[in-house]
Amino acid sequence: MQSETPSPTHGFPGRLFVFEGLDGSGKSTQAALLGKWLQSQGYRVFFTEWNSSELTSATIRRGKKKNLLTPTTFSLLHATDFADRFERKILPPLRAGYVVVCDRYAYTAFVRDAARGCDPAWVRNIYSFAPRPDRVFYFRVPVAVTLKRKIASRLKINYYEAGMDLGLSDDLHDSYERFQGRLKQEYDRISRSDAFTVIDSGRSVETIQAELRGHVRPILENFPTAEGLMHDS
Amino acid sequence: MTVRTYGTLLPGLTEESLSGKLIVIEGADGSGRTTEVALLREWLEVEGHAVVDTGLRRSTLVAEEIDRAKQGHTLGATTMALLYAVDFADQLENKIVPALAAGSTVLADRYIYTLMARAVVRGASREWARRLYGFALRPDLVIFLEARPEILLHRAISKYGSLDYWESGMDLSLSRDLFESFFAYQDRLSKEFAWVGAEYGFHLVDANRRPEQVHDDVRALVAPLYGSPAARGVRRSALTPPRTRAASG
């Protein structure tokens, strides 16, 4: 008889896959594709992205617009937002036995807050309510590539994304490159301690997606599909 | 005051000393905090000290969000605890630290201790709460107004005519009855405050008395902070918060 075995990492019946990496690393595209494929395989899938919570997004937007935020309030406000997202969107499907695909997780905060000078141990403690995922895919990409993509897609670089609040440079592009460089350094550093699966994002979408499916398959072996769940009792 | 925190230093806080004094008045709703803060302020100003007061849920950044969240009753415990932490951090950086740097006395009507006790009563671990507020400045003095639950109840009813949903801990589902929930919640809170108080060195004041009597005790605790005029060192230091730079481009 098939039953939902709790995950060895977080102990909930569901499974948690996390996608991390710099903006423009291609992680969102891949996360969406993986989610779609998992659904087509019959799994119950829940997809969620960072900054999708309604609670604090207006405050974050207002604070960012007026540049009211310091590293500490920036960090805490995003932690609040994540907690809301976690308590409302991530935990329930995880407990209900879904495959949860997260585009960004607590690691985004670890990296971003460290780059802003917050004490990493302080930040880790704040997020200690967020359990370890079954797998973290880290999309590794040179900063120059993400900047090129950003310019090509005509997306505006915003103040905080460029780390302008840190005073690294008065030039937006220059500041963006330096700040993203710090983020990358931090991602690279924790990718070992947190056992990330590093994905080289300098390849075709198809190649990367095939690799991801290869990583996920063994983790979902014996994991019940929606169909299996209905008939299995 | 010497800049000492409970762990982490705020990024951007570079000075070693702030010339003002930070005095915290803690206590449950109905313990007479607001009255004591007003009396203390009056006395300190007459003595010639500049006073700035502060309290919870007064930040420009998220006070509104907290009020809205409380109306809806829908936030998870961790989210709510963190939202209060944002409010506190914003006031610490934008109000408390600048006032202390300018040599004012900051009177805080509640501080991190209430926030920690509330979070722990709602399921957070003490260690998590303690480390979360590791960036808070250590006050020069923390006074805890201790009042029996019957007194708190009496004051709440005489002031508002009823009990408040949150002060009764109704979100904890301890009881469907407001009064029962109030007593159960205050009991848990006071147990938590006993731990926080021992850990952080509270000065307890018996608040089951008339305001003037309580004020006499409060004054006796505060007066030594201002000791001899020579002790009022005015060491100035520059603040360089890493923010409020104009965006270019």
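We now turn to the structure provided with this report. (Residues numbered from 1 in each chain as written. Chains lettered and ligands numbered in written order. Predicted model: local features only at pLDDT ≥ 70, side-chain atom pairs only at ≥ 80, totals over all residues.)

## A short note on the nonpolar core
Then, in step 1: Counting 121 residues, the largest nonpolar core has Val101(A), Cys102(A), Ala85(B), Val86(B) and Met116(B) as the members making the most contacts within it.
Then, in step 2: Here the element with the most residues in this core is helix H3 (residues 77–101) of chain B; it accounts for 14 residues.
Then, in step 3: Residue contacts for Val101(A): discarding those within four places in its chain leaves Phe17(A), Ala31(A), Leu34(A), Gly35(A), Val45(A) and Phe47(A). (Core = buried A, V, L, I, M, F, W, Y, C linked by C-beta atoms within 7 Å. Buried ≥ 20, exposed ≤ 12 C-beta atoms within 10 Å, placed from the backbone. Helix = DSSP H or I, 4+ residues; strand = E, 2+ residues; numbered from the N terminus. Contact = placed C-beta atoms within 7 Å.)

## What about the interface of chain A and chain B?
Then, in step 1: On the chain B side, the residues contacting the 34 residues of chain A number 31 residues.
Then, in step 2: Residue contributions to the side of chain A that touches chain B peak at eleven residues, all from helix H3 (residues 71–95) of chain A.
Then, in step 3: Of the residues assigned to the side of chain A that touches chain B, the class counts are 15 nonpolar, twelve polar and seven charged. (Nonpolar A, V, L, I, M, F, W, Y, C, P; charged D, E, K, R; others polar.)

## A word on the sheet that holds strand S2 (residues 45–49) of chain A
All names here are of chain A.
Then, in step 1: Strand order in the open sheet made by the five strands is S2-S3-S1-S4-S5, with parallel pairing throughout. The open sheet is flanked by S2 and strand S5 (197–200), the only strands paired with a single partner. Pairs of neighbouring strands in the sheet enclose a mean axial angle of 20°, with direction left out of account.
Then, in step 2: As judged from the five bridges shared by strand S1 (residues 15–21) and strand S3 (residues 99–103), these two strands associate in the parallel manner. Note on S3: the bridge partner recorded for Leu16 is Val100. (Pairing = 2+ DSSP bridges. Axes fitted to C-alpha atoms, helices over the stretch in contact; angles between N-to-C directions.)

## A few points about the environment of Pro120(A)
Residues and elements named next belong to chain A.
Then, in step 1: For Pro120, the location among the structural elements is in helix H5 (residues 120–126).
Then, in step 2: When the C-alpha positions of Pro120 and Ala109 are compared, they lie 9.7 Å apart, and in sequence the two are eleven residues distant.
Then, in step 3: What Pro120 contacts, discounting residues up to four positions off in sequence, is Phe110 and Ala114.

## Side note on the packing of helix H4 (residues 106–115) of chain A against helix H7 (residues 172–193) of chain A
Residues and elements named next belong to chain A.
Then, in step 1: Across the interface, H4 lies against H7 with an axial gap of 9 Å and an inter-helix angle of 125°. Considered as vectors, H4 and H7 are oriented oblique to each other. Our pair here, H4 against H7, has a crossing hand that is right-handed. Within the contact between the two elements, H4 uses Tyr107, Phe110, Val111, Arg112, Ala114 and Ala115 and H7 uses Phe179, Arg182, Leu183, Glu186, Tyr187 and Ile190.
Then, in step 2: For the contact of H4 with H7, a count of residues per class yields nine nonpolar, no polar and three charged. (Parallel < 35°, antiparallel > 145°, perpendicular 65-115°, else oblique. Left-handed = near helix turned anticlockwise from the far one by under 90°.)

## A short note on helix H7 (residues 178–200) of chain B
Residues and elements named next belong to chain B.
Then, in step 1: Its 23 residues give H7 an end-to-end C-alpha distance of 31 Å, which sits within 8% of 33 Å, the value for a rise of 1.5 Å per residue.
Then, in step 2: Among all positions in H7, only Ser181, Phe182, Tyr185, Gln186, Leu189, Glu192, Phe193 and Val196 are buried.
Then, in step 3: In this structure, the buried residues of H7 make contact with helix H4 (112–121), strand S4 (141–146) and helix H6 (149–160).
Then, in step 4: Within two residues after H7, Gly201 carries a phi angle of roughly 70°, on the positive side. (Expected span 1.5 Å × (residues − 1).)

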